[in-house]
Amino acid sequence: MIELNSLTKKYSNGKGIFNVSFQVKNGEVFGFLGPNGAGKTTTIRHLMGFVNSTNGSASISGLDCWTDAAKIQRQLGYVPGEIAFFNHLTGMQFLKFISDMRGIDNKKLQDSLIERFELDSGRKIRKMSKGMKQKVGLIAAFMHDPAVIILDEPTSGLDPLMQRKFVELINEERNRGKTILMSSHLFGEVDQSCERVAIIREGKIVAVEDITTLKASLKKRFFITFEHKRDIEKVKMSGLDYTVSDVNKVEIVINGNYNEMLKALANCNVTSIDASTQTLEEIFMRYYGKEGN
Amino acid sequence: MSFTLFKADVKANRFIWLLITIIYSFYAVIIVSMFDPENADTMAEMMEMMPQELLDAGGITFGSTLLTHISGFLYSMLLYLFPLIITVIVNHQLIASHVDKGSMAYLLSTSNSRTKIAVTQAMFSILSITLVFTVITIVQIIVSVSMFPGELEVGQFILLNVYAMLLYYAISGICFFASCTSNEARYSLGLGAGLPIAFIVLEMLGNTGENVSWLGNLSIFALFDPDRLFAGDTFAYIGMTVLGSIAVVLYAGGIALFKKRDLPL
């Protein structure tokens, strides 16, 4: 469905993307991960036909992303990473404008999306918060029921409740057979909906993996606080991978061996447990032994 | 051509367009009403009291007929000022501002090709200028005919306005081209406003003395010479042709480059 063949774009400052190749299959939700500045947006610009590649090619549904951009857009929904609308319009006027520009008016779907995201569509876009603008962008991208959806960091600015609604929407759309590509610099953002991910770093694809494989290979970190420092001794004897971070605090690294930790902690007086969210940096550390930026 | 986008352009630009056109019309009415067929000579005396260098720099001349009177006052400095404001702002809004802000991403994601969007914006750009001159021409004809019946050579006056409009097609072409090729607002505005202003300065410098008059010939405004038009000189018609051709090349070039270039969206 979406196909990139050694897509290369060299910018004069030496940055860019180099030999980016991956495929997103029909009906797949695909995550595109990388730290800021790694080339995610540059890659997406090619898919949208905003820039022409130095080398290689990109296609969607067999159509070339540069020469057939307008044709592709008919079946494509896009959420840009940076939100820039027509500030003088209200949310509703903007959605109407986009529908008219497309010549596709699916009022029913539009209304159901407005309801789902609880958008106050009568408000001027200029006066909207970042999260509200993000909702307008999401509705604009989904309201013509496109077959392919490309989202550039879609949940930035959304509050946790809206993020959950977003994940629900993505899962529903996947079940309806849509092909979805979403970029993010946070593992947690793609974790819940994507089946496969590509990881890009410094303009190069470093891995294309199943999300389950990736998750299984990740270590998880727990920060445990004990009531008494003597409990730390019990952790020391358990054979777990740990570091003492304070008199009564330890950091335990787990690699699938959750039960061992639970058994060790069962006899302790634990006052709090925090789990760290996996950052991309940690994935890079794990995979390549190099630090992400 | 996208009618929806055209309507949005009207909405986005109507305020500045109306404001400038109303002020410009207001000036036009005052200048026409200042004409005094009995006292053309008194007027000439009055003008002599003004520093000649100042009048020359502004390209202001005074005429003994209503046509030359209007052309001397309104189709010199004021012509460079009012339509230029509209031209610079409107052309910037049409393309460069959308690219700079990022809203172009939305326009392009609506399955309208770049060519279609650029052509629509070019149409709006040209029509907005055409409408300014249409309004100004009609206002002046109405005022002239009602205040000084039979004094205005209407045919020549319309021709003068066609000439001025062609000049503005070329200037608008510069602004449109700048708008199509700039990634950032400052380049679009810098080039779109800077080049015409540089031409005005050259024209003013060229008018200040014989030995620097060659400077004026470097300006695009040198192609616009109403006196030679009234004299029936072919120069004016060549000027019209050249201005029209410059406009065609710049508009077509702008569209072509916009279609081909990388957009930072």
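Note that the coordinates shown come from a computational prediction; the quantities given were computed from them, not determined experimentally. (Residues numbered from 1 in each chain as written. Chains lettered and ligands numbered in written order. Predicted model: local features only at pLDDT ≥ 70, side-chain atom pairs only at ≥ 80, totals over all residues. Heavy atoms only, no water.)

Examining the overall build of chain B
Item 1. Each helix and strand counted, chain B has twelve helices and zero strands in total.
Item 2. Seen in sequence order, chain B has helices and strands lined up from the N terminus as α-α-α-α-α-α-α-α-α-α-α-α.
Item 3. For chain B, with 265 residues in total, the buried portion stands at 51%.
Item 4. For chain B, long-range pairs separated by at least 24 residues make up 78% of all intrachain contacts whose partners lie at least 6 apart in sequence.
Item 5. If you sum the accessible surface of chain B, you get close to 11,500 Å²; carbon and sulfur atoms cover 69% of it.
Item 6. With 11 positive and 18 negative side-chain charges, chain B shows a separation of 31 Å between the mean positions of the two kinds. (Helix = DSSP H or I, 4+ residues; strand = E, 2+ residues; numbered from the N terminus. Buried < 20%, exposed > 50% of the residue type's maximum accessible area, 1.4 Å probe, protein only. Contact = heavy atoms within 4.5 Å. Areas by Shrake-Rupley, 256 points an atom, 1.4 Å probe, with all protein chains shown as cover. Lys, Arg positive; Asp, Glu negative; His and termini not counted. Charge placed at Lys NZ, Arg CZ, Asp CG, Glu CD.)

A word on helix α9 (residues 185-207) of chain B
Residues and elements named next belong to chain B.
Item 1. Taking 1.5 Å per residue as the helical rise, α9 with its 23 residues ought to reach 33 Å, and the 33 Å between its terminal C-alpha atoms agrees with that figure.
Item 2. A bend of about 25 degrees at Gly 194 is the largest found in α9, and the proline Pro 196 appears one to four places after it.
Item 3. Of all the residues in α9, the buried ones are Ser 188, Gly 192, Ala 193, Pro 196, Phe 199, Ile 200, Glu 203 and Gly 206.
Item 4. Along its buried surface, α9 packs onto α5 (77-101), α8 (154-181) and α10 (213-217). (Expected span 1.5 Å × (residues − 1). Bend = angle between axes of the 7 residues up to and from the residue.)

Regarding the environment of B:Ala198
Item 1. Inspection of the secondary structure puts B:Ala198 in helix α9.
Item 2. Here the alpha-carbon distance between B:Ala198 and B:Leu127, two residues 71 residues apart in the chain, equals 25 Å.

Some thoughts on the UniProt feature "domain: ABC transporter" (unreviewed entry) in chain A
Item 1. UniProt marks residues 2-227 of chain A with the feature "domain: ABC transporter" (unreviewed entry), using the numbering shown here.
Item 2. End C-alpha atoms of residues 2-227 of chain A are separated by 54 Å, and the span's content is 34% helix alongside 29% strand. (UniProt positions renumbered as here; feature names shortened; annotations may be inferred.)

Some thoughts on the domain arrangement of chain A
Item 1. Here the domain parsing of chain A yields domain 1 (2-215) and domain 2 (219-277).
Item 2. Using C-alpha coordinates to define each centre, domain 1 of chain A is positioned 40 Å away from domain 2 of chain A. (Domains from an automatic or database assignment.)

Remarks on the sheet that holds strand β5 (residues 63-64) of chain A
In a beta sheet, neighbouring strands are held together by backbone hydrogen bonds and run either parallel or antiparallel to one another.
Residues and elements named next belong to chain A.
Item 1. A sheet is described by the order of its strands in space; here four strands give the open sequence β2-β1-β4-β5, paired in antiparallel fashion. Whereas interior strands pair on both sides, the edge strands pair on one side only; in this sheet they are β2 (16-24) and β5.
Item 2. As defined by bridge partners, strand β1 (residues 2-10) adjoins β2 across six bridges and the pair is classed as antiparallel. Looking across to β2, one finds that Glu 3 is bridged to Gln 23.
Item 3. Packed on one face of the sheet, helix α1 (residues 40-48) meets β1, β2 and β4 (55-60) and runs near 120 degrees to β1. (Pairing = 2+ DSSP bridges. Axes fitted to C-alpha atoms, helices over the stretch in contact; angles between N-to-C directions.)

Observations regarding the packing of helix α3 (residues 91-102) of chain A against helix α4 (residues 107-116) of chain A
All names here are of chain A.
Item 1. Axis separation between α3 and α4 bottoms out at 12 Å; the angle between their running directions is 150 degrees. Between α3 and α4, the angle is such that the two are roughly antiparallel. Pair α3 / α4 crosses with right-handed handedness. On the side of α3, the interface is formed by Met 92, Leu 95 and Ser 99, while α4 contributes Lys 107, Gln 110 and Ile 114.
Item 2. Considered class by class, the residues forming the contact of α3 with α4 number three nonpolar, two polar and one charged. (Parallel < 35°, antiparallel > 145°, perpendicular 65-115°, else oblique. Left-handed = near helix turned anticlockwise from the far one by under 90°. Nonpolar A, V, L, I, M, F, W, Y, C, P; charged D, E, K, R; others polar.)

Re the side chain of A:Thr155
Item 1. Within the secondary structure, A:Thr155 is located in the loop between β7 (148-152) and α6 (160-175).
Item 2. What A:Thr155 contacts, discounting residues up to four positions off in sequence, is A:Gln163, A:Phe166 and A:Glu189.

Considerations on the sheet that holds strand β14 (residues 270-275) of chain A
Residue and element names in this part refer to chain A.
Item 1. One open sheet holds the four strands; their spatial order is β12-β13-β11-β14, and the pairing between them is antiparallel. Only two strands of the sheet have a single neighbouring strand rather than two, namely β12 (241-246) and β14. Geometrically, the sheet is characterised by an average inter-axis angle of 25 degrees between neighbouring strands, direction not taken into account.
Item 2. Bridging between strand β11 (residues 220-226) and strand β13 (residues 249-254) involves six bridges; their strand directions are antiparallel. Considered in β13, the bridge of Arg 221 is made with Val 253.

Some remarks on a nonpolar patch on the surface
Residue and element names in this part refer to chain B.
Item 1. There is a patch of nonpolar side chains on the surface, built from Phe 15, Leu 19, Ile 23, Phe 26, Tyr 27, Ile 30 and Met 34 and spanning about 670 Å² of accessible area.
Item 2. Structurally, the position occupied by Met 34 is in the loop between α1 (3-33) and α2 (40-49).
Item 3. Take Met 34: its relative accessible area is 38%, and that puts it in the partly exposed class. (Patch = residues over 30% accessible without salt bridge, like charges linked within 9 Å, V, L, I, M, F, W, Y side chains within 5 Å. Salt bridge = Lys/Arg side-chain N within 4 Å of Asp/Glu carboxyl O.)

Remarks on the interface of chain B and chain A
Item 1. Counting from both sides, the interface comprises 27 residues of chain B and, opposite them, 27 residues of chain A.
Item 2. When the two sides are added together, the surface that chain B and chain A hide from each other amounts to roughly 2,300 Å², 62% of it contributed by carbon and sulfur.
Item 3. Connecting chain B to chain A are one salt bridge.
Item 4. For B:Asp262, the salt bridge identified is with A:Lys9, shortest N-O distance 2.4 Å.
Item 5. For the side of chain B that touches chain A, the elements supplying multiple residues, two or more each, are α1, α5, α6 (104-108) and α12 (234-260) of chain B.
Item 6. The biggest single contributor to the side of chain B that touches chain A is α1(B), with five residues. (Buried area = accessible area lost by both parts, 1.4 Å probe.)

Observations concerning the packing of aromatic side chains
Item 1. In this structure the tally under the stated criterion is 14 aromatic pairs over all chains.
Item 2. Here A:Phe22 and A:Phe32 contribute two aromatic rings whose centre-to-centre distance is 5.3 Å and whose plane-to-plane angle is 50 degrees, an arrangement assigned as tilted. In this pair, A:Phe22 is assigned in strand β2 and A:Phe32 in strand β3 (residues 29-33), connecting sequence segments ten residues apart.
Item 3. Where B:Tyr80 meets B:Phe221, the ring centres are 4.1 Å apart and the plane angle is 45 degrees; that geometry is what we call tilted. With a gap of 141 residues between them, B:Tyr80 in helix α5 and B:Phe221 in the loop between α10 and α11 (226-230) connect regions that are remote in the sequence. The same class applies to B:Tyr80 as to B:Phe221, namely buried.
Item 4. Of note, B:Arg228 hangs over the ring of B:Phe235, and the distance from its end group to the ring centre comes to 4.1 Å. (Phe/Tyr/Trp six-rings, centres within 6.5 Å; stacked < 30°, edge-to-face > 60°. Lys NZ or Arg CZ within 6 Å of the ring centre and 35° of its normal.)

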